[in-house]
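Structural features, examined
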Amino acid sequence: MSRLRIRVCAATLGGGLLLVLVLGGCPGPGETAMTAANNEGSSNDSSAVGGVGNADGGNAGNSGGAGGAGTDNAGDAGNSGSAGAGGAGGGPTGALVGVWRAQFVDPLFGPGQVELVLMANGTFSQQTIYQAGSLVTIFGTFRVFPTEALLRLDIQRGEPAETCGPLGCTPILYPAGESYGFTLLNNGQLVLQNINCNPAAGLVCVFNFVRVV
């Protein structure tokens with residue numbers, strides 16, 4: 001095993017991540033739950049829609065300022081809403097805030113569960129658990145674009161941060177983020193579809209979440 005090369009791939013599975021140890025290089029598109037389009041496309045989405053998220057945040061703050069008529073302090077408190085992360089506030093964004101859970105079956109890694117927590121301050125955490133025992137959690141901020149019905153998860157860090165074996169430890173590189181088209185149903189369900197996921201490659205691209213909290 002003197003020339004054995006082992007690499008760690010942070011595989012994106014639609015609504016979750018899986019760490020995969022492979023010999024040689026990381027597999028190409030369609031061979032695991034992560035696609036190059038998902039990783040690369042997510043980074044492009046971040047720069048393309050960032051301005052819209054700021055605009056949403058500003059609108060939420062300005063509407064708060066209108067309620068402060070009569071005193072300067074109340075008006076200032078309303079304007080401070082424009083600093084909200086990613087436009088988190090009223091409208092569809094507020095409706096998405098909460099704890100969501102979905103079950104899925106991956107063709108390669110078997111049954112799993114993903115829990116998505118969207119906080120009112122614009123931060124999120126997402127934990128993916130596979131029946132085989134793998135556990136991956138990612139953290140970051142989220143943005144909602146109601147007109148496009150788009151939910152953007154910007155990943156800041158993930159756990160575990162590295163994987164260790166007989167040859168030492170290797171840092172895990174997580175994707176910059178993921179983008180989902182969303183449909184919020186009246187029965188307390190949230191349908192998320194990864195816009196960079198290719199179902200023809202045998203990937204899990206659509207997740208049916210049920211509100212837990």
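Our subject in this report is the structure included herewith. All values reported here derive from a predicted model rather than from experimental measurement. (Residues numbered from 1 in each chain as written. Predicted model: local features only at pLDDT ≥ 70, side-chain atom pairs only at ≥ 80, totals over all residues. Heavy atoms only, no water.)

Section: the packing of aromatic side chains
Tallied over the full model, the rule gives 4 aromatic pairs. Considering the side-chain rings of Phe104 and Tyr130, the 5.6 Å spacing of their centres and the 85° angle between planes classify their relative orientation as edge-to-face. Of the two residues, Phe104 is situated in strand β3 (residues 98–106) and Tyr130 in strand β5 (residues 123–130); the sequence distance between them amounts to 26 residues. Look at Phe104 and you get buried, because its relative accessible area is 7%. Look at Phe207 and Phe209: their rings are 6.4 Å apart centre to centre, the planes differ by 40°, and that puts the pair in the tilted class. In terms of burial, Phe207 and Phe209 fall into one category: buried. By way of ring pairs, the aromatic residues Phe104, Phe109, Tyr130, Phe207 and Phe209 are connected into one cluster. (Phe/Tyr/Trp six-rings, centres within 6.5 Å; stacked < 30°, edge-to-face > 60°. Helix = DSSP H or I, 4+ residues; strand = E, 2+ residues; numbered from the N terminus. Buried < 20%, exposed > 50% of the residue type's maximum accessible area, 1.4 Å probe, protein only.)

Digging into the pairing of strand β12 (residues 206–211)
Where β3 lies against β12, 2 bridges are found, and the strand directions are antiparallel. When the bridges of β12 are listed, Arg101 appears paired with Val210. Pairing of strand β11 (residues 189–194) with β12 involves 5 bridges; the strand directions are antiparallel. Bridge pairing links Gln189 to Val210 in β12. (Pairing = 2+ DSSP bridges.)

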